[in-house]
Amino acid sequence: MSHLDFDILMISSFGITMKKSHAEGAAKIQDYLEKEKNTPLNIAITGETGSGKSTFVNAFRGIDNIDKRAAPTGCVETTMEVTPYPHPKHPNVTVWDLPGVGTTKFPADKYLENVGFEKFDFFIIISDTRFRENDFYFVRSKIDNDLQAEGKSQREFDAERTLKLIKENCIQGLQNEGVLSPQVFLVSSFELHLYDFHLLHETLERELPAHKRNALLLAMPNINLEIINKKKEALQAKIKYYASVSALIASAPVAGLSFATDVTILAETIRMYQVTFGLDCESLENLARTARVPLNDLKEVMTSPLAAKEISKDLVIKLLCLSAGEAALMAAEEGSRFSPLIGFPLAMTFSFISTYRALSTFLNMLAEDAHRVFTKALGLNTSL
Ligand code: GDP
């Protein structure tokens, strides 16, 4: 028996108990989903002034340096304050800009205490040269500059070899300072899809407690197709909960309530999918700007009816009506509600299936669009 079968059976058996327990069940699942969505993730970024810390803070949050929510970049002034930068699309994720160890008034061994280290899930240290102090994860920034400079100055330029040398040099520097196994990642904040940013993500994901992994994954910029696929899997795994909420609400003997709730659940969830895949209008504009691809070129490759649209309830209803099977299920659900003996369990089953199906379909569409947009933004030739 699949998970889905199990859920439907479970819900059908709920159907014979009191209505109150349905409402409680729906509320419990909604609480769980809400808690998931609100799992806090606090990422501390530190490094010396000029190292590219603020640019990295911005790139990590999917915005560029000219965005009004961007951490100020290119300043000569040193930040002495711990500054929070909420993720614009995932308010549960905050990237904290911490003053560099060497720039604070406190001695290095008091640094962690003074920045309030307990509140952070992990620390990333940025440096554009070599590292001096260790703890945590080391991001060697501006790698694009190094490669460009080497490319100009060497006759037989070998990017792989240059990258290897830079990494070895960083590791060596850290080992000289007594760090046993430093974790160094070579990154360009202007090209997150290149070099080691994906390795940084994999490492952070591995080392985070399980309940925080989704928060990191869903807030990650789309740096490769694999991330998009993983986001899709994570979102797919949650659909049964939304479907259960809609099934439990379908048991209420109020005409039209179930449909209205389903449409609300669908619209909210699709909006969250859109943002997670970076397909909302604002994210697309950002991507067009940073990838230097005309916005229309990105919009043109999207094939789903949700592409770059404001996800309103009306749009959801329109799309549901376009899908004959879906509309029939919803109608059957409304019709079956008042059949006194079997009405509730049947309505619940219809509601579960229709919500489950609709969300899976919309998720697939958006994931495919995300593939296409990513491929277009990078000028790749991969076709779906
Ligand atoms: P902060 O003082 O450490 O916050 O550094 P900023 O983020 O303000 O960056 C200092 C300068 O380095 C700015 O001119 C950035 O545009 C530039 N910069 C930052 N990251 C990169 C990168 O990955 N590649 C290149 N080429 N330049 C970068």
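Residues numbered from 1 in each chain as written. Predicted model: local features only at pLDDT ≥ 70, side-chain atom pairs only at ≥ 80, totals over all residues. Heavy atoms only, no water.

What about the pairing of strand β1 (residues 41-47)?
Thought 1: In terms of burial, β1 is a largely internal element, 7 of the 7 residues being buried.
Thought 2: Here β1 shows a buried face lined by L41, I43, I45 and G47 and a second buried face lined by N42, A44 and T46.
Thought 3: Here β1 pairs with strand β4 (residues 122-127) via 5 bridges, running parallel. Among the inter-strand pairings, I45 is bridged to a residue of β4, identified as I124. (Buried < 20%, exposed > 50% of the residue type's maximum accessible area, 1.4 Å probe, protein only. Helix = DSSP H or I, 4+ residues; strand = E, 2+ residues; numbered from the N terminus. Pairing = 2+ DSSP bridges.)

A few points about the site of the ligand
Thought 1: Taken together, 16 residues lie around the ligand, and G50, S54, T55, G74 and D144 are the ones closest in.
Thought 2: S51 is positioned such that a nitrogen or oxygen atom in its backbone is 3.1 Å from an oxygen atom of the ligand.
Thought 3: Within the side chain of K142, an N or O atom sits 3.0 Å from an oxygen atom of the ligand.
Thought 4: A per-element tally of the shell around the ligand places helix α3 (residues 53-60) first, with 3 residues.
Thought 5: Within the shell around the ligand, the residues separate by chemical class into 1 nonpolar, 11 polar and 4 charged. (Near = heavy atom within 4 Å. Polar contact = N/O pair within 3.5 Å; in protein donor to acceptor, adjacent residues only side chain to side chain. Nonpolar A, V, L, I, M, F, W, Y, C, P; charged D, E, K, R; others polar.)

Some points on the packing of helix α5 (residues 143-153) against helix α6 (residues 159-176)
Thought 1: Viewed as axis vectors pointing N to C, α5 and α6 meet at an angle of 125°, and their least axial separation amounts to 10 Å. Taken together, α5 and α6 sit at an angle that is classed as oblique. By crossing handedness, the relation of α5 to α6 is classed as right-handed. Contacts from I143, D146, L147 and E150 of α5 reach α6 at A159, T162, L163 and I166. (Axes fitted to C-alpha atoms, helices over the stretch in contact; angles between N-to-C directions. Parallel < 35°, antiparallel > 145°, perpendicular 65-115°, else oblique. Left-handed = near helix turned anticlockwise from the far one by under 90°. Contact = heavy atoms within 4.5 Å.)

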